[in-house]
Amino acid sequence: MPASSANKATSSDSKEKPFPLRLVFLAALAPALLGVFCAGFIAPPMLSPDTANGLFAWHNFVEGGTWNTIRTVDPANIAQSVEYPVSWWAPGQYVPLGLLHSAGLRLGTGIIIISTISILIFGLGVAALAHVMKAPQRTLPWITLSACASYYMLYPFGFFIGGEVAQITVWPWAIFTAWTLRKRTAALIIILSSILLIGAFGKHSFAIYALTILAFLWAEAFRDSAKLGMLRTLWGRLWSTTLTLCAVGVLFLLGRYILIDTSHTPGTLGITPHGFLESWGYSFCGPLLGVSGVDRTLGYISYQFFTIKGEDLWVSLGTLLSVLTLPTLYLYGWLISRKSPIERLTGSVALTAGVIFFILLWRGGAISLESRHYQPAAILFLLVLGARALEKNRVISIGSRILLSWVVLFGCGTLIQRHIKMRSPQSASYSNQTERLTLGNMPKSVQESLEGLASLDHSLIVIDTPAQGNALYKLRHPTTRFLLVDNETEYTSDNERYGRVPRLVIALQNREVDKSRAKQLRESFRDYREDEWSSHELDGWVIWQAGDAVAVTTNPSQS
């Protein structure tokens, strides 16, 4: 197929004009400042359970515990603690935020700083990648703006998932390195494997996208060699490329094995099996559903009006998604056949990632049907649209600009809407001033009560969201510990905990469902009698206490 007119017209333009660093930086800075404003002045960010759990591992390490392990209550004797390794999340999920927190910054402030730096580094990386892949020079700021103002990149200002921030920050630079060093064997092996390892340190799934980069480089080597027409030369070059990429892969896997615990991750098979249709359909359609905003829009509508969660929606639409996979695969194949390296890269990454995710989903990997997992592949479509924005074909040019504008408006609009909703009284969300976090439905009075209890020595506080524990951590007495219970498993199993502590605290909402949960939690502590527990209600919550340091004031059987 003929090369696009935009690529022809700008190949010499890229050589003549310098990289527009100032415009690219401003294009990345503008959406970052909007995120800072929303998180700083409308409503503080929320901390995802993934990162919040990881921060407990950081606290344990800072206090002299084993690296990447969480210290928790020993069920055989709750007066003692045990450590267990954190393999479900990579260390980069929490280490950057943990460093800032240990330096004295509040968690909310740390989230804003990390999210801002991430957007700036990512934006420069996207522009640099588009530049070396011969995107029109004048489109680089617009490509940067659309990528940095996308829903994905602004999401951390409202709901911070540290691993995804780390992954997307490294992603464009990993491809940039692979493309610029693809013909320099030694540099490619050493530098690319190191950058891939940095990405995997942030999020386990970066290994998937590392494989897509290697697959793309191999396909490019095959394409270049095939032009020579001589079979012997073709196989010779392919063999050399294969050995080089294998060396990169081996170094990456070896470093990942040594530095990162991957014994039990969401990619472990046989945990959460999905049906064939939704696995097949969502794996390939995920990048397009995410970058267009369809995934979030339909998910919001289905939950707000029909109380159907996003994942359940896509399971019910599995047949439709599997049908839509046919034109989607055709699109990926068409992109791979193009002369533009940006288009070939996008098609190759989307196709390779789709195959891997399909295998993982269908074989039981604990991966949710959410477009955020396809963020690295989805972002590349913005480069394709940006490179097409100056086409002589007005339909393609105008269409590309409209789609890029939609991405920016959708990303900025949902950012503002989300923070306004978080601040709204109807959302039942409350901010924590100690750490500048939004803590869901825990009122300020309950937070202050728990802060007082955490400041007492030898307290054990039961919490059901890790963000609550992190909000209390700096105010706690050095002997106070937290026991995190999982709402999905705690009340469906018969847990037994033995031993005693001077003060045992349980805080739950005063709802009908939580009354039975509170009773079950109390009974799981086998060495406490029912008449030892006292309670008091506070703004729709009930705080239970038991232990030798607690005066019994209320019999739970009468509450």
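No experiment lies behind these values; they were computed from the predicted model shown.

The rules behind each value
Within every chain, residues take consecutive numbers counted from 1 along the sequence as written. Owing to the predicted nature of the model, reporting of local features is limited to residues with pLDDT of at least 70; listing and counting of side-chain atom pairs is limited to 80 or more, with chain, interface and lining totals taken over all residues. Note: side-chain values were computed over all heavy atoms of the structure, leaving out hydrogens and water. Note on conventions: DSSP H or I runs of at least 4 residues are helices, E runs of at least 2 residues are strands, and numbering of each starts at the N terminus. Radius of gyration: over C-alpha atoms. The globule rule applied is 2.2 Å multiplied by the number of residues raised to the 0.38 power. Any residue under 20% of the maximum accessible area for its type is buried, any over 50% is exposed, and the rest in between are partly exposed; the area is computed with a 1.4 Å probe on protein chains only. Only heavy atoms matter for contacts: two residues are in contact if any of them lie within 4.5 Å across the pair. Only the protein chains shown count as covering a residue, and every accessible area follows the Shrake-Rupley method with a 1.4 Å probe. Positive charges come from Lys and Arg, negative ones from Asp and Glu, while His and the chain ends are left out of the count. Where a charge lies is defined by one atom per residue type: Lys uses NZ, Arg uses CZ, Asp uses CG and Glu uses CD. For helices, the fitted axis covers only the stretch in contact; all axes are lines through C-alpha atoms, and the angles between them, taken along N-to-C directions, range from 0 to 180 degrees. The labels follow the angle: roughly parallel below 35 degrees, roughly antiparallel above 145, roughly perpendicular from 65 to 115, and oblique for the rest. Two helices cross in a left-handed way if the nearer one is turned anticlockwise from the farther one by less than a right angle. They cross in a right-handed way if the turn is clockwise. For this classification, Asp, Glu, Lys and Arg are treated as charged, while Ala, Val, Leu, Ile, Met, Phe, Trp, Tyr, Cys and Pro are nonpolar and the rest, including Gly, are polar. Only buried Ala, Val, Leu, Ile, Met, Phe, Trp, Tyr and Cys residues count toward a nonpolar core, and they belong to the same one when joined by side-chain atoms within 4.5 Å. Strands are labelled as partners when DSSP assigns at least two bridges between them. For a helix, the expected span equals 1.5 Å multiplied by the residue count minus one. Two N or O atoms form a polar contact when they lie within 3.5 Å of each other; inside protein one atom must be a possible hydrogen donor and the other a possible acceptor, and for residues adjacent in sequence the pair counts only when both atoms belong to side chains. Salt bridge, as used here, is a side-chain nitrogen of Lys or Arg placed within 4 Å of a carboxyl oxygen of Asp or Glu. Cysteine sulfur atoms that come within 2.5 Å of each other are treated as a disulfide pair. A clockwise path from the first strand over the helix to the second, with the strands pointing away from the viewer, defines a right-handed crossover.

A. Layout of the overall build of the chain. Per the secondary structure count, the chain includes 21 helices and eleven strands. Taking 24 Å as the expected radius of gyration for a compact globule of 559 residues, we find that the chain reaches 26 Å, a close match to that expectation. The principal-axis extents of the C-alpha atoms in the chain amount to approximately 85 × 50 × 45 Å. A total of 559 residues make up the chain; the buried ones form 53% of that total. If you take every contact in the chain between residues at least 6 apart in sequence, the share linking residues at least 24 apart comes to 72%. With the model as given, the accessible surface of the chain reaches about 24,600 Å², and the carbon-plus-sulfur share is 64%. Between the centroid of the 46 positive side chains of the chain and the centroid of its 37 negative side chains there is a distance of 17 Å.

B. Geometry of unusual backbone geometry. The phi torsion at Thr 307 lies on the positive side, around 50°, for a residue other than glycine. The backbone of His 458 sits at a positive phi, close to 55°, despite the residue not being glycine. Structurally, His 458 is set in the loop between α19 (444-454) and β7 (459-463). Residue classification places His 458 among the partly exposed residues on the basis of a relative accessible area of 41%.

C. Expanded view of the packing of helix α2 (residues 21-42) against helix α5 (residues 107-132). Between α2 and α5, the least distance of the axes is 9 Å, while the angle of their chain directions is 155°. Considered as vectors, α2 and α5 are oriented roughly antiparallel to each other. Helix-helix and strand crossings are classified by hand; for α2 and α5 the assignment is right-handed. Counting all contacts with α2, which are made through Leu 21, Val 24, Phe 25, Ala 28, Leu 29, Ala 32, Val 36, Ala 39 and Gly 40, the residues of α5 involved are Ile 112, Thr 116, Ile 119, Leu 120, Gly 123, Leu 124 and Ala 127.

D. Focus on the packing of helix α9 (residues 185-202) against helix α10 (residues 206-226). Closest axis-to-axis distance for the α9/α10 pair is 8 Å, and the angle between their directions is 150°. Judged by the angle between their axes, α9 and α10 are roughly antiparallel. Seen along the crossing, α9 lies across α10 with a hand that is right-handed. Judged by residue contacts, Leu 188, Leu 192, Ile 195, Leu 196, Gly 199 and Ala 200 of α9 engage Phe 206, Ala 210, Ile 213, Leu 214 and Leu 217 from α10. Considering only residue class, the contact of α9 with α10 consists of ten nonpolar, one polar and no charged.

E. Representation of the environment of Arg 436 within the structure. With respect to the helices and strands, the residue Arg 436 is situated in the loop between β5 (431-432) and β6 (437-438). Note on Arg 436: relative accessible area 19%, which makes it buried.

F. Quick peek at the side chain of Gln 375. Checked against the element boundaries, Gln 375 lands in helix α17 (residues 375-387). Discounting chain neighbours no more than four positions away, the residues touching Gln 375 are Tyr 152, Met 153, Glu 164, Ile 168 and Tyr 209.

G. The nonpolar core, seen in detail. Counting residues in hydrophobic clusters, the biggest one holds 87 residues, and the most contacted among them are Trp 171 and Leu 196. For this core, the element with the highest residue contribution is α10, accounting for nine residues. Counting 35 residues, the second-largest nonpolar core is a separate cluster that includes Ala 52, Phe 56, Tyr 94 and Phe 160.

H. Spatial organisation of the pairing of strand β9 (residues 503-509). Here β9 lies mainly inside the structure; seven of its seven residues are buried. Neither face of β9 is open: one carries Arg 503, Val 505, Ala 507 and Gln 509, the other Leu 504, Ile 506 and Leu 508, and all of them are buried. As paired elements, β7 and β9 share four bridges and run parallel to each other. What sits directly across from Ser 459, in β9, is Arg 503. Sheet analysis places β9 next to strand β11 (residues 541-546), joined by six bridges and oriented antiparallel. Directly across from Gln 509, in β11, lies its bridge partner Trp 541.

I. Structural view of helix α18 (residues 394-423). Relative to the 44 Å expected for 30 residues at 1.5 Å per residue, α18 spans 43 Å between its end C-alpha atoms, a close match to the ideal helical length. Of the residues that open α18, the one with a side-chain oxygen 3.0 Å from the backbone nitrogen of Val 395 is Asn 393.

J. Inspection of the pattern of salt bridges at higher detail. Under the defined criterion, the tally for this structure stands at 18 salt bridges. The partner of Arg 71 in a salt bridge is Glu 63, and the shortest N-O contact between them spans 3.7 Å. Since its relative accessible area comes to 35%, Arg 71 is described here as partly exposed. Among the ionic pairs, Lys 203 bridges to Glu 164, the shortest N-O distance being 4.0 Å. With Lys 203 in the loop between α9 and α10 and Glu 164 in helix α8 (residues 162-180), this pair connects stretches of sequence that are 39 residues apart. Neither residue differs from the other here; Lys 203 and Glu 164 are each classed as buried.

K. Representation of the sheet that holds β9. Here we have five strands laid out as an open sheet, ordered β8-β7-β9-β11-β10, and mixed in their pairing. Each edge of the open sheet is held by one strand with a lone partner, namely β8 (481-484) and β10 (534-538). Shown here is a sheet whose adjacent strand axes are inclined to one another by a mean of 20°, direction ignored. Where β10 and β11 come together, five bridges link them in antiparallel fashion. In the sheet register, His 536 faces β11, and the bridge partner there is Ile 543. In the packing of α19 onto the sheet, contacts are made with β7, β9, β10 and β11, and the angle to β11 comes to roughly 15°.

L. View of the environment of Glu 530. Within the secondary structure layout, Glu 530 lies in the loop between α21 (512-524) and β10. Within the structure, Glu 530 has its side chain in polar contact with the side chain of Arg 522 (distance 3.0 Å).

M. Representation of the state of the cysteines within the structure. Within the structure shown, the criterion is met by zero disulfides. There is no disulfide at Cys 148, and the cysteine sulfur nearest it, in Cys 412, is 11 Å away.

N. The pairing of β8, seen in detail. Here β7 pairs with β8 via four bridges, running parallel. Residue pairing across strands places Leu 460 opposite Arg 481, the latter belonging to β8. As a crossover connection, the stretch from β7 through helix α20 (residues 466-473) into β8 is right-handed.

The values are spatial; any link to function lies outside them.
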